[in-house]
Amino acid sequence: MSEKETDVIVVGAGMAGAAATLKLAKAGQRVKLIEARDRCGGRGFLRKFDGDAAELEFGGAWITPWHGRIRALVAEHGLSLRPRHEVTNRLWLRDGLVCSNGAVSPEHVTAHERAIARVAVDSILLKKGSSENEKGEALRSISFAAYLDRLKCPRPTRDVFSAWWTVSGNGDHNLVAASEFLASCSYDNGLAEGMIRFWSDTVVPGMGALAEAMIAASGAERILAEPVTHVARVADGVQVASAKRIHQAKACVLALGVNQLKKVHFSAALPQAKRDAVATGHGGRSFKLWVKAEGVPVGTLVTGDGSGIEFAFAERKAEDGATLIVCFGLMTDENRPGDPAWVREQCSRLFPNARMVSYDWHDWVDDPFARGTWVAALAGHEDGLENANWQPEGPIAFASSDYAREQAGWFEGAVIAGEDAAEALLKS
Ligand SMILES: Cc1cc2nc3c(=O)[nH]c(=O)nc-3n(C[C@H](O)[C@H](O)[C@H](O)COP(=O)(O)OP(=O)(O)OC[C@H]3O[C@@H](n4cnc5c(N)ncnc54)[C@H](O)[C@@H]3O)c2cc1C
């Protein structure tokens with residue numbers, strides 16, 4: 001049985017869906033928002049930390065100084081921003097020991113600095129739109145592993161780049177494009193280490209709360225816990241089906257990431273280029289976990305030795321005075337972020353003098369409505385995620401940070417993508 005008619009159905013209540021819903025509603029459209037989970041926010045996920053009163057972001061969190069749309073939305077919906085604590089204590093895990101005197105030992109300093117300079121030049125050339133450097137070496141369509149091999153840098157330098165990879169490219173070194181790392185280095189004149197300077201604020205209470213506020217302000221009809229399985233073009237618009245029912249509207253915004261689109265069937269079928277991009281997907285595969293520990297000064301940043309937890313930043317104090325540390329590593333067969341003993345062992349490597357109290361995380365790769373973390377293009381498949389490939393198909397528009405026109409991979413990109421999709425439908 002068909003449901004009553006709506007102007008636009010928005011599928012997915014992440015930040016892209018929230019932005020599309022708000023913009024369409026402000027333009028006078030009757031919007032129905034359908035979300036698979038029992039909450040809004042998607043890969044923005046604020047929830048209580050295990051055994052603590054604190055609510056933490058288990059998905060995305062940081063915004064940069066130039067994320068003006070998110071900043072404006074935060075102000076518009078009465079939320080606030082928390083500045084990130086400065087890095088006041090920089091440590092490296094090197095040859096099994098935590099050191100404070102630099103990423104590499106003296107015999108590697110020259111080669112280390114040469115590699116850093118090479119990355120800086122490549123990153124700036126990539127930002128200027130070049131797909132190769134002045135030596136004719138590829139900057140796009142090359143995996144991170146192949147790029148690191150080309151650098152011929154000492155092992156500790158490789159380890160530091162690998163740590164920053166867990167917060168930039170964030171996937172299998174052999175599969176994900178090195179350009180994901182170089183693009184993040186470009187924020188601070190090509191320096192990998194400079195990335196963190198631009199993670200300037202987090203939203204209080206959280207990104208999920210912002211998405212909720214935007215959706216509430218839109219007045220849209222909101223349906224939770226209803227995964228969409230089919231999208232069909234019909235004579236007078238679009239039908240969107242779940243296992244429970246069929247919804248009908250004049251148009252639809254699919255506010256779904258490229259890995260989430262894998263589970264949606266289309267009739268008529270999507271064009272080949274979109275189908276290829278969905279089949280390839282993206283390779284974002286980091287884990288993010290929160291550790292609560294005693295004996296770690298806030299502001300401590302430790303990068304690892306290319307395995308396990310590779311990146312750990314002591315962000316702030318919990319109510320009980322212990323420190324909340326945000327940690328990243330890659331989802332690999334060896335890493336076991338779901339195993340408390342493994343996490344404890346990792347913490348004692350990075351913080352030998354600390355006591356881990358507890359930890360908590362969310363498995364984004366296993367999550368059926370995420371199927372990965374933030375977007376990370378596979379080497380050689382970057383074009384599929386270009387925004388040009390995600391233009392509307394008649395009354396069906398597409399919106400996700402994964403293939404946003406600008407700031408792809410960020411919440412800001414999700415807002416841009418959602419607003420662009422709404423705009424395209426309003427103009428059509
Ligand atoms: C661990 C982690 C850390 C991150 N760190 C940052 C950061 O610091 N800063 C930053 O800006 N970004 C960060 N990101 C990225 C950011 O979270 C994403 O770019 C953004 O949330 C994507 O928004 P979206 O709306 O495009 O997709 P999503 O948030 O994934 O929204 C899609 C929505 O669609 C729903 N859905 C899926 N399938 C269906 C279906 N079949 N039917 C109906 N609904 C469906 C999902 O449940 C979800 O709510 C991070 C992401 C992760 C996972």
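Look up: the structure comes first, before these words.
Residues numbered from 1 in each chain as written. Predicted model: local features only at pLDDT ≥ 70, side-chain atom pairs only at ≥ 80, totals over all residues.

## Re the packing of helix α2 (residues 68–76) against helix α10 (residues 411–427)
Next, step 1: Viewed as axis vectors pointing N to C, α2 and α10 meet at an angle of 85 degrees, and their least axial separation amounts to 8 Å. The angle between α2 and α10 falls in the class roughly perpendicular. Contacts between α2 and α10 involve Arg69, Ile70 and Leu73 from the former and Phe411, Glu412, Val415 and Ile416 from the latter.
Next, step 2: Split into classes, the residues belonging to the contact of α2 with α10 amount to 5 nonpolar, no polar and 2 charged. (Axes fitted to C-alpha atoms, helices over the stretch in contact; angles between N-to-C directions. Helix = DSSP H or I, 4+ residues; strand = E, 2+ residues; numbered from the N terminus. Parallel < 35°, antiparallel > 145°, perpendicular 65-115°, else oblique. Contact = placed C-beta atoms within 7 Å. Nonpolar A, V, L, I, M, F, W, Y, C, P; charged D, E, K, R; others polar.)

## Some remarks on the sheet that holds strand β5 (residues 62–63)
Hydrogen bonds between backbone atoms are what pair the strands of a sheet, whose relative direction is either parallel or antiparallel.
Next, step 1: Spatially, β5-β9-β6 is the arrangement adopted by the 3 strands of the open sheet, whose pairing is antiparallel. Each edge of the open sheet is held by one strand with a lone partner, namely β5 and β6 (80–83).
Next, step 2: Bridge count for β5 against strand β9 (residues 201–204) is 2 bridges, and the pairing is antiparallel. Looking at β9, one finds that tryptophan 62 is bridged to threonine 202. (Pairing = 2+ DSSP bridges.)

## Quick notes on the sheet that holds strand β19 (residues 355–361)
Next, step 1: An order of β8-β7-β16-β17-β18-β15-β19 is seen for the 7 strands of this open sheet, with the pairing classed as mixed. With one partner strand each, in any of the chains shown, β8 (97–99) and β19 form the two edges of the open sheet. The sheet shows a mean angle of 25 degrees between the axes of neighbouring strands, taken without regard to direction.
Next, step 2: Of the strand pairs in this sheet, strand β15 (residues 286–294) and strand β18 (residues 323–330) are connected by 8 bridges, and their pairing is antiparallel. Looking at the pairing, lysine 288 lines up with phenylalanine 328 of β18.
Next, step 3: On the sheet, helix α5 (residues 155–165) packs against β7 (89–94), β16 (300–303) and β17 (309–317) and is oriented at approximately 55 degrees with respect to β17.

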